Amino acid sequence: ICFFGLLLVSLNTTGQTRVMDSLQRIITQRTRDTVELNARLNLIFEILRRDIYQAKELSLQTAQLADSLHQDRWLMSAYTYLIIVNREMGLFDSGRYYLNKAERLSKANPENKRMQFNFLKSAGLFYKDIGEYNKALPFVKASLEIWDKQDETRAGQFLNLGNLHYYLGNFKEAAEQHMQG
């Protein structure tokens, strides 16, 4: 049984390394296009759980590349990672800085619902995670108005809303939102 467990762990680790290696190969080609931007964002996702400093550096580079290519969709994703990384590092002022950049970007692209949603979700989670629950509440509610698909993304936002109500002591509302999720 122990051997099987070790084998499973090593296969999982190897699989993740292959993904990261593949993404890094795409990035080293330096095509400076949306394929490279997408590879960078996927690599940030993989690295974020392992090395937050490397994730921050890659997020900054990706934001710079997306901005230089005028690719707002990818720039918003890079800002989202920068908000997460800075929040996790306890750099709340830097997190707010990128949150403000994300807000300006979403306002510059009012027709893009995904960008609007990503900003609202990022703001809601940022303020929730730093304990500013009342400030988080309108962002999470607004994200639910924009994201009307009945899917796991919407369900997750209902759970976030339920958690906020729980933290605020609104237990009945928390239960209702959790049930909707």
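Residues numbered from 1 in each chain as written. Predicted model: local features only at pLDDT ≥ 70, side-chain atom pairs only at ≥ 80, totals over all residues. Heavy atoms only, no water.

Novice: Please provide a residue-by-residue account of a nonpolar patch on the surface, values included.
Specialist: A grouping of Tyr166, Tyr167 and Phe171 is seen on the molecular surface, where their side chains present a nonpolar patch of about 360 Å² in accessible area. Locating Phe171 in the fold gives a position in helix α9 (residues 171–180). On the basis of relative accessible area, Phe171 is assigned to the exposed category, the value being 52%. (Patch = residues over 30% accessible without salt bridge, like charges linked within 9 Å, V, L, I, M, F, W, Y side chains within 5 Å. Areas by Shrake-Rupley, 256 points an atom, 1.4 Å probe, with all protein chains shown as cover. Salt bridge = Lys/Arg side-chain N within 4 Å of Asp/Glu carboxyl O. Helix = DSSP H or I, 4+ residues; strand = E, 2+ residues; numbered from the N terminus. Buried < 20%, exposed > 50% of the residue type's maximum accessible area, 1.4 Å probe, protein only.)

Novice: Give a detailed account of the packing of helix α6 (residues 113–129) against helix α8 (residues 152–167), specifying residues and quantitative values.
Specialist: In contact at an axis separation of 11 Å, α6 and α8 are set at 30 degrees when each is read in the N-to-C sense. Between α6 and α8, the angle falls in the class roughly parallel. The two elements α6 and α8 cross, and the hand of that crossing is left-handed. The residues of α8 that touch α6, namely those facing Phe117, Lys121, Leu125 and Lys128, are Thr153, Gln157, Asn160, Leu164 and Tyr167. Looking at side-chain class alone, the contact of α6 with α8 contains four nonpolar, three polar and two charged residues. (Axes fitted to C-alpha atoms, helices over the stretch in contact; angles between N-to-C directions. Parallel < 35°, antiparallel > 145°, perpendicular 65-115°, else oblique. Left-handed = near helix turned anticlockwise from the far one by under 90°. Contact = heavy atoms within 4.5 Å. Nonpolar A, V, L, I, M, F, W, Y, C, P; charged D, E, K, R; others polar.)

Novice: So what's going on with the packing of aromatic side chains? Which residues, and what values?
Specialist: Under the definition given, this model contains 10 aromatic pairs. Here Tyr97 and Tyr98 contribute two aromatic rings whose centre-to-centre distance is 4.9 Å and whose plane-to-plane angle is 85 degrees, an arrangement assigned as edge-to-face. A relative accessible area of 42% means that Tyr97 is categorised as partly exposed. Exposure remark for Tyr98: the relative accessible area of 14% places this residue in the buried category. Site record: aromatic cluster; members linked through ring pairs are Phe92, Phe119, Phe126, Tyr127 and Phe139. For Arg49, the ring lying beneath its charged end belongs to Phe45, and the centroid distance is 4.9 Å. Positioned above the aromatic ring of Trp74, the side-chain terminus of Arg73 is 4.4 Å from the ring centre. (Phe/Tyr/Trp six-rings, centres within 6.5 Å; stacked < 30°, edge-to-face > 60°. Lys NZ or Arg CZ within 6 Å of the ring centre and 35° of its normal.)

Novice: Let's hear about the environment of Pro138: which residues, and what values?
Specialist: Structurally, Pro138 is set in helix α7 (residues 133–146). On the accessibility criterion, Pro138 (47% relative accessible area) is partly exposed. Pro138 sits 23 residues away from Leu161 along the chain, and the two C-alpha atoms are 9.6 Å apart.

Read these as layout, nothing more, since geometry by itself doesn't imply function.
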